[in-house]
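Here is how the chains run, residue by residue.
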2 protein chains.
Amino acid sequence: MTTVAPSTVIDALRALVAPDRVLDDEASLDRYSHDDAEWADYEPPLAVVLARATEEVSAVVAWAGANQVRVVPRGAGTGLSGGANSIASCVIISLELMTAVLEINVGERYARSQAGVINNDLRAAVAVEGLWYPPDPASQAISTIGGNAATNAGGICCVKYGVTRDYVLGLTVVLADGSIVHLGRHTAKGVTGYDLTALIVGSEGTLGIITEVTVKLLPLAGREERAIIGYFPSLHAAGVAVAAVADASIVPAALELIDRTCLRAVADWQGWDLPQDVDTLLMAKVDEVGESGRALAARVAELFADSGGVNVELADDQVEVDRLFLARRLAYPALERLGPVLTEDVCVPREAVPEMLSRIQAAAAEHDVVIANIAHAGDGNLHPLIVTAVGDDAARARAKLAFDRIVEDCSALGGTVTGEHGVGLLKLPGARAELGARVLQMHADVKHALDPAGTLNPGKGF
Amino acid sequence: MTTVAPSTVIDALRALVAPDRVLDDEASLDRYSHDDAEWADYEPPLAVVLARATEEVSAVVAWAGANQVRVVPRGAGTGLSGGANSIASCVIISLELMTAVLEINVGERYARSQAGVINNDLRAAVAVEGLWYPPDPASQAISTIGGNAATNAGGICCVKYGVTRDYVLGLTVVLADGSIVHLGRHTAKGVTGYDLTALIVGSEGTLGIITEVTVKLLPLAGREERAIIGYFPSLHAAGVAVAAVADASIVPAALELIDRTCLRAVADWQGWDLPQDVDTLLMAKVDEVGESGRALAARVAELFADSGGVNVELADDQVEVDRLFLARRLAYPALERLGPVLTEDVCVPREAVPEMLSRIQAAAAEHDVVIANIAHAGDGNLHPLIVTAVGDDAARARAKLAFDRIVEDCSALGGTVTGEHGVGLLKLPGARAELGARVLQMHADVKHALDPAGTLNPGKGF
């Protein structure tokens, strides 16, 4: 789309922001050209701008729009769908240097920060004030709050506490023409106008570039974490336990499932002795305080045991809670030791989790690939992890077929093709099939209304 | 805008839906021409269609769009901002006959219903299955779930449980061209595409007509309501108590304030003896179970007393809880006995509630009108109720000035001009001032993208 010579682009950008924050060396262009998604396409950009302020983002976008150069925004690049991947001749705007927490309002329980603040850093900053920011994507140590908002990131505690969207009160956004707008509010409630904040959250940089985020916070006090784990002889038995927890009217603060393949990978790596004949590990948290919390944790342990769970353990101090959840934390790195991991992200009705996991096993067998599973079982949100050996192109082709098959099965079970990772590039075909022609037209109409020249994050969205 | 003769419109509509559900008698045209907002403008429509099915809404909207007739959708007409008010030559589509609860999914904890289902009826239907739909606007006995979604209605428990938007998983919507689309999902999580569901929620019928709503539910069990009330000698003391509850990291399930004027109106009506020298009544609920709940309620009572509260009472059975909250339920009817009530709805930062209430008293004095206040104090959401005598046009003019003054004061304190009632007609000027030119342009762009001919709810939106 660009009609401007690369050197002209660099010169123009260096006139807009400090020259040393406009990168065009090959290593940088490569490094910033993709996120953490395996096998999503990308081409090197013309330049990478490391923005420090909303005004710089505005200046670059305005210049790009006027010169028919496309712009791909980017946080920490931890996405797993290719949503931050570059196309040829585009400019990457990285927000990773925008790391200021601008305001923590204790009375109103909100925090306002620049987009590049790491989730855990925001969490730590508000904890000092006795406040808690719940959304906890697995990437929380490395992903940014701006990226979390742009993808509407989920996490482990969202089974009880909701996802990023549920906490975003307001945004500062650079629009496609370079305008800076402040959307949303700082008050607890508000219905003034369309909810453009919610429209931008999860739009993956295709409608505007989020430069500041105002998030709602909860009190840090008033929670006591307890963990309960149990090993199950089959996926079916674990599914019975998940249903039993729901039927008991319990809303756990976490309900995670690790399947046999994933469990063995962790155990092999760590040298753990697993109980005999175990297939599936379930890990729950409850966070009610005092006697209620103790009773609830005991009830979950009982439901696990009644559903066929063995080696059921219960922990009520933070060190032990973390120990019981260790397998969850080690799952992804354990699999990455075996080769590149293509991470799936599908969400089905909770009760369809065992059936979906069976179908995933069938897809693995049919296409002769290794698929391990981590699942937010309480949400029906599954992460099949497709592992192939380095450089095995044939396996990679089979993995892609398994990936597509999983998306089809998810849709057949009434699910949605991305639960929390976003559409990016990898889920575009599945999302198109799921949404249907008229809803896609609405997407195109909204995109055209807010970015008529198609400047923002080309190739994503619809 | 219409170029079609009224009789032609009636004939066309009667060919699309059953003739007896197309009304054009004067009484019906008058009855359906406005909602419950005082003093918002309206003109009689050409016809009222009582739709029974999404397909009928679709047929009417498609015909209207093709014939340049405008359409105003309507639930129960309980709105307080004029959002359902008619303009001349338009067609009203009432959804009040669409009262089927279509599905209650216990395992997934959602319910799908037609738009015309009354909030309390939905609540009752899901309660039979052990489930709970939290959003509880004061109109819950008479307002529809479709109207609640179209206005993103709030309520008393949203200080802890959130507003309507937080519970809407999906919608069936008739678009401006008559297309029927299904937005959102039935799964617990999902990020496939733009959040058009959230965009439609709160858009007051200007982007599409909501005909079905899928809402997320919570377990009915696991809550025990306790109420705590206290009378305070001043607004300031009540404000100190509200802040003390927040500082103690307590998130109450309700935190309502009734000011002196409102309290006296209720007491006079009911013949209650109020404690000496009381100015403000605070009413809180907590709903944690067992010992935690008891301890929390006792702590709130203690904080009320420490902040100067007198006659502090605590109740832990439902009959007593309802008795303690009786003044809240009687507040609006008590004031309506005195004359027409213009209901304000502004939201300020929680800590600005006492200052905002002082400014409202100043506005009442300056413009010589009676203003009573109900406030969702825990949310900073105030409802100044401006009362004038029947037929007193001078008082009505002064009331309008006071209304505008309150909106200005709210903005000056960092608030938003509508917390939960919607922009409708009454808040259009305030909303325009709050949003600013570029964000208004975004609204216009989105509206034009989804309703290019301006068929839907003319005169509302931006």
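Residues numbered from 1 in each chain as written. Chains lettered and ligands numbered in written order. Predicted model: local features only at pLDDT ≥ 70, side-chain atom pairs only at ≥ 80, totals over all residues. Heavy atoms only, no water.

**Focus on the overall build of chain A**
- For chain A, the helix and strand inventory stands at 16 helices and 19 strands.
- In terms of overall size, chain A behaves like a compact globule, its C-alpha atoms giving a radius of gyration of 23 Å where 462 residues would be expected to give roughly 23 Å.
- Considering only C-alpha atoms, chain A reaches an extent of 65 × 60 × 45 Å along its principal axes.
- Going through the 462 residues of chain A one by one, you find that 61% of them count as buried. (Helix = DSSP H or I, 4+ residues; strand = E, 2+ residues; numbered from the N terminus. Rg over C-alpha atoms; globule rule 2.2 N^0.38 Å. Buried < 20%, exposed > 50% of the residue type's maximum accessible area, 1.4 Å probe, protein only.)

**Examining the interface of chain A and chain B**
- The interface is formed by 72 residues belonging to chain A together with 72 residues belonging to chain B.
- Buried surface at the junction of chain A and chain B, both sides included, amounts to about 5900 Å², of which 62% is carbon and sulfur.
- The largest contributions to the chain A side of the interface with chain B come from Lys189, Val191 and Tyr194 of chain A, which together make up 16% of the buried area.
- Across the contact surface, chain A and chain B share eight salt bridges.
- In this structure, Lys189 of chain A engages Asp379 of chain B in a salt bridge whose closest nitrogen and oxygen atoms are separated by 3.6 Å.
- Counting across the chain A and chain B interface gives 31 residue pairs in polar contact (both at pLDDT 80 or more). (Contact = heavy atoms within 4.5 Å. Buried area = accessible area lost by both parts, 1.4 Å probe. Salt bridge = Lys/Arg side-chain N within 4 Å of Asp/Glu carboxyl O. Polar contact = N/O pair within 3.5 Å; in protein donor to acceptor, adjacent residues only side chain to side chain.)

**Quick look at the pattern of salt bridges**
Residues and elements named next belong to chain A.
- Applying the stated criterion to the full structure yields 58 salt bridges over all chains.
- Residues Arg294 and Glu291 are paired through a salt bridge, measuring 3.3 Å at the closest nitrogen-oxygen approach. Of the two residues, Arg294 and Glu291 are both situated in helix H10 (residues 290-306); the distance of three residues between them amounts to about one turn of the helix.
- A relative accessible area of 43% means that Arg294 is categorised as partly exposed.
- When its relative accessible area of 46% is taken as the criterion, Glu291 is described as partly exposed.

**As for the domain arrangement of chain A**
- Under the domain assignment, chain A is made up of domain 1 (6-94), domain 2 (101-219) and domain 3 (226-412).
- Look at where the C-alpha atoms of domain 1 of chain A and domain 3 of chain A centre, and you get two points 37 Å apart. (Domains from an automatic or database assignment.)

**A short note on the relation of the copies chain A and chain B**
- Rotating chain A by 180° about the axis while translating it 0.0 Å along that axis superimposes it on chain B, leaving an RMSD of 0.0 Å. Put plainly, the chains are arranged around a two-fold axis.
- Residue by residue, 100% of the interface of chain A is reproduced at the interface of chain B, so both copies engage with the same surface. (Least-squares fit on C-alpha atoms with pLDDT ≥ 70 in both.)

**Overview of the sheet that holds strand E10 (residues 209-216) of chain A**
All names here are of chain A.
- Reading across the sheet, the five strands line up as E5-E6-E10-E8-E9 and stay open at both edges, with antiparallel pairing between neighbours. Single-partner strands in this sheet number two, and they are strand E5 (101-105) and strand E9 (180-184). Pairwise comparison of adjacent strand axes, ignoring direction, gives a mean angle of 10° for this sheet.
- Here E5 pairs with strand E6 (residues 110-114) via four bridges, running antiparallel. By the bridge assignment, Glu103 is partnered in E6 with Arg112. (Pairing = 2+ DSSP bridges. Axes fitted to C-alpha atoms, helices over the stretch in contact; angles between N-to-C directions.)

**Some remarks on helix H16 (residues 437-450) of chain A**
- Here H16 of chain A is 14 residues long and its end C-alpha atoms lie 20 Å apart, about the 20 Å a rise of 1.5 Å per residue gives.
- What H16 of chain A keeps buried is the set Val439, Leu440, Met442, His443, Val446, Lys447, Ala449 and Leu450 of chain A.
- If you follow the buried residues of H16 of chain A, they end up packed against helix H7 (196-200) and helix H15 (428-435) of chain A together with strand E9 (180-184), helix H7 (196-200) and helix H16 (437-450) of chain B. (Expected span 1.5 Å × (residues − 1).)

**Thoughts on the sheet that holds strand E4 (residues 91-94) of chain A**
All names here are of chain A.
- With respect to topology, four strands assemble into an open sheet ordered E1-E2-E4-E3, the strand pairing being mixed. The open sheet has two edge strands with one neighbour each: strand E1 (22-23) and strand E3 (71-74).
- In the sheet, strand E2 (residues 47-50) pairs with E4 via four bridges, with the strands oriented parallel. Its bridge partner being in E4, Ala47 is matched across the sheet by Val91.
- Along the sheet face, helix H3 (residues 54-66) touches E2, E3 and E4 and points at about 165° away from the line of E4.

**Remarks on helix H4 (residues 119-127) of chain A**
Residue and element names in this part refer to chain A.
- Listed in full, the buried residues belonging to H4 are Asn119, Leu122, Arg123 and Val126. One side of H4 carries all its buried residues, which in axial view fall inside an arc of 100°.
- Taken together, the buried residues of H4 touch E5, E6, strand E7 (131-132), helix H5 (145-151) and E10. (Arc of directions from axis to C-beta.)

**Considering the environment of Gly208 of chain B**
- Note that Gly208 of chain B resides in the loop between H7 and strand E10 (209-216).
- Counting along the chain gives 32 residues from Gly208 of chain B to Ala176 of chain B, while the straight-line C-alpha distance between them is 6.1 Å.

**A few points about unusual backbone geometry**
- One non-glycine residue, Gln68 of chain A, lies in positive phi territory at about 55°.
- By the element assignment, Gln68 of chain A lies in the loop between H3 and E3.
- Residue classification places Gln68 of chain A among the partly exposed positions, given a relative accessible area of 41%.
- Not every positive phi belongs to a glycine, and Asp368 of chain B is a case in point at roughly 55°.
- Along the chain, Asp368 of chain B falls in the loop between helix H13 (353-367) and strand E18 (370-376).
- With a relative accessible area of 54%, Asp368 of chain B lands in the exposed category.

**Side note on the nonpolar core**
- Counting 72 residues, the largest nonpolar core has Leu196 and Leu199 of chain A together with Leu196 and Leu199 of chain B as its most contacted members.
- Setting aside residues no more than four positions away along its own chain, Leu196 of chain B makes contact with Leu199, Val439, Met442, His443 and Val446 of chain A together with Leu183 of chain B. (Core = buried A, V, L, I, M, F, W, Y, C linked by side-chain atoms within 4.5 Å.)

**Topic: the side chain of Glu212 of chain B**
Residue and element names in this part refer to chain B.
- Structurally, Glu212 can be placed in strand E10.
- Judged by its relative accessible area of 14%, Glu212 falls in the buried class.
- A polar side-chain atom of Glu212 sits 3.1 Å from a polar atom in the side chain of Arg112.
- Among all residues touching Glu212, those that are not within four sequence positions of it are Thr54, Leu102, Arg112, Ser113, Gln114, Ala115, Gly170, Leu171 and Thr172.

**Section: the environment of Val215 of chain B**
Residues and elements named next belong to chain B.
- Mapped onto the elements, Val215 comes out in strand E10.
- Considering only alpha carbons, one finds Val215 and Leu171, 44 residues apart in sequence, at a separation of 8.8 Å.
- For Val215, the contacting residues outside a window of four places in its chain are Arg109, Tyr110, Ala111, Leu122, Tyr133, Ile145, Tyr167 and Leu169.

**Topic: the environment of Arg223 of chain A**
All names here are of chain A.
- As for its position among the elements, Arg223 is in the loop between strand E11 (218-219) and strand E12 (226-232).
- For Arg223, a relative accessible area of 23% translates into the label partly exposed.
- Taking C-alpha positions, Arg223 is 39 Å from Leu428, a pair spaced 205 residues apart along the chain.
- Setting aside chain neighbours within four positions, we find Arg223 in contact with Trp132, Tyr161, Asp287 and Val289.
- Engagement of the side chain of Arg223 in a polar contact is seen with the side chain of Glu225, the distance being 3.2 Å.

**Some remarks on the side chain of Lys427 of chain B**
Residue and element names in this part refer to chain B.
- Mapping Lys427 onto the fold places it in the loop between helix H14 (393-412) and helix H15 (428-435).
- Engagement of the side chain of Lys427 in a polar contact is seen with the backbone oxygen of Val417, the distance being 2.7 Å.
- If sequence neighbours within four positions are ignored, Lys427 has contacts with Glu344, Asp345, Val346, Phe403, Val407, Val417, Thr418 and Gly422.

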